Amino acid sequence: VDRMGVERLCFARKTNHLVFGTSAQSVAAHVTVGRDIDLQAVYDYLYFHAIPSPRTLYRGVEKLLPGQYVTLDGQRIEIGFYWRADYSVEERRSFESYRSTFRALLCDLTRATASGGPVATFLSGGTDSSTVADTLTETRGTPIDTFSIGFDAEGFDEMEYARCAVERFRSRAHEIY
């Protein structure tokens, strides 16, 4: 599987062979595998809204992780990684140094992405959307259009946070309930 996990490879280990395909459904459809539902996978899906790899919906069918391979040499199946992300820190720098480097990269990316015509962004008031709104406003040098969605349900409406961000960035707010 590629290093980012864009493509998928699912497989099932059988006595003397390997069944594989690009989806768990295609592997489970093989006569030697079957569609036996993994109840833990159902629980994972309901609880996490996803089934974490290597598990799939079907018992005995697995997914490879990003950067992983599977081989079969006669009777033995081997699973391993051909690539791992390097998270080591080469040099010790101050938090401020990392912060300013990250901020510069974020501004460069935003500038390149938002060059040209009109710009707008979704704004929930959370960290991610507020950072995008701030960076767009900074790189454009003018207020931008922001769109926020409110919910008439207690505990789910984040419009108050979005309005705080609108005030902070002086964006042209568009609210939809």
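Since the structure is predicted, the reported quantities are computational estimates derived from the model, not experimental observations.

Participant: Got a minute to help me understand the pattern of salt bridges in this structure?
Facilitator: Side chains that carry opposite charge are capable of pairing whenever their charged atoms lie near each other. All told, the structure shown has 11 salt bridges when counted by the stated rule. Between D134 and R103 there is a salt bridge whose closest N-O contact spans 2.9 Å. Remark: R103 occurs in helix α3 (residues 95-113) and D134 occurs in helix α4 (residues 127-140); sequence separation between them is 31 residues. Measuring nitrogen to oxygen at the nearest pair gives 3.1 Å for the salt bridge that ties R111 to D108. Highlighted residues: R111 and D108, both in helix α3, separated by 3 residues, approximately one helical turn. Taking the relative accessible area as the measure of exposure, R111 reaches 44% and is therefore partly exposed. When its relative accessible area of 44% is taken as the criterion, D108 is described as partly exposed.

Participant: Would you mind showing me how to read unusual backbone geometry here?
Facilitator: Leave glycine aside and you will find that most residues have negative phi; peptide bonds, for their part, are mostly trans. With an omega of 10°, the peptide bond running from S53 to P54 counts as cis. With respect to the element layout, P54 can be found in the loop between α2 (39-48) and β3 (61-63). Phi is positive for H49, which is not a glycine, with a value near 65°. By the element assignment, H49 lies in the loop between α2 and β3.

Participant: What should I look at first to understand the packing of aromatic side chains in this one?
Facilitator: Between two aromatic rings, the relevant description is the distance of the centres plus the angle of the planes. Counted by the stated rule, this structure contains 2 aromatic pairs. Ring centres 5.7 Å apart and planes at 10° place the aromatic pair Y43 and Y47 in the stacked group. Of this pair, Y43 and Y47 are both found in helix α2, 4 residues apart, which corresponds to roughly one turn of the helix. Between the aromatic rings of Y47 and F48, the centroid separation amounts to 4.8 Å while the plane-to-plane angle is 90°, which identifies the pairing as edge-to-face. For F48, a relative accessible area of 46% translates into the label partly exposed. An aromatic cluster is present here, built from Y43, Y47 and F48 joined pairwise through their rings.

Conventions used here
Residues numbered from 1 in each chain as written. Predicted model: local features only at pLDDT ≥ 70, side-chain atom pairs only at ≥ 80, totals over all residues. Heavy atoms only, no water. Salt bridge = Lys/Arg side-chain N within 4 Å of Asp/Glu carboxyl O. Helix = DSSP H or I, 4+ residues; strand = E, 2+ residues; numbered from the N terminus. Buried < 20%, exposed > 50% of the residue type's maximum accessible area, 1.4 Å probe, protein only. Phe/Tyr/Trp six-rings, centres within 6.5 Å; stacked < 30°, edge-to-face > 60°.

By themselves, these figures tell us nothing about what the structure is for.
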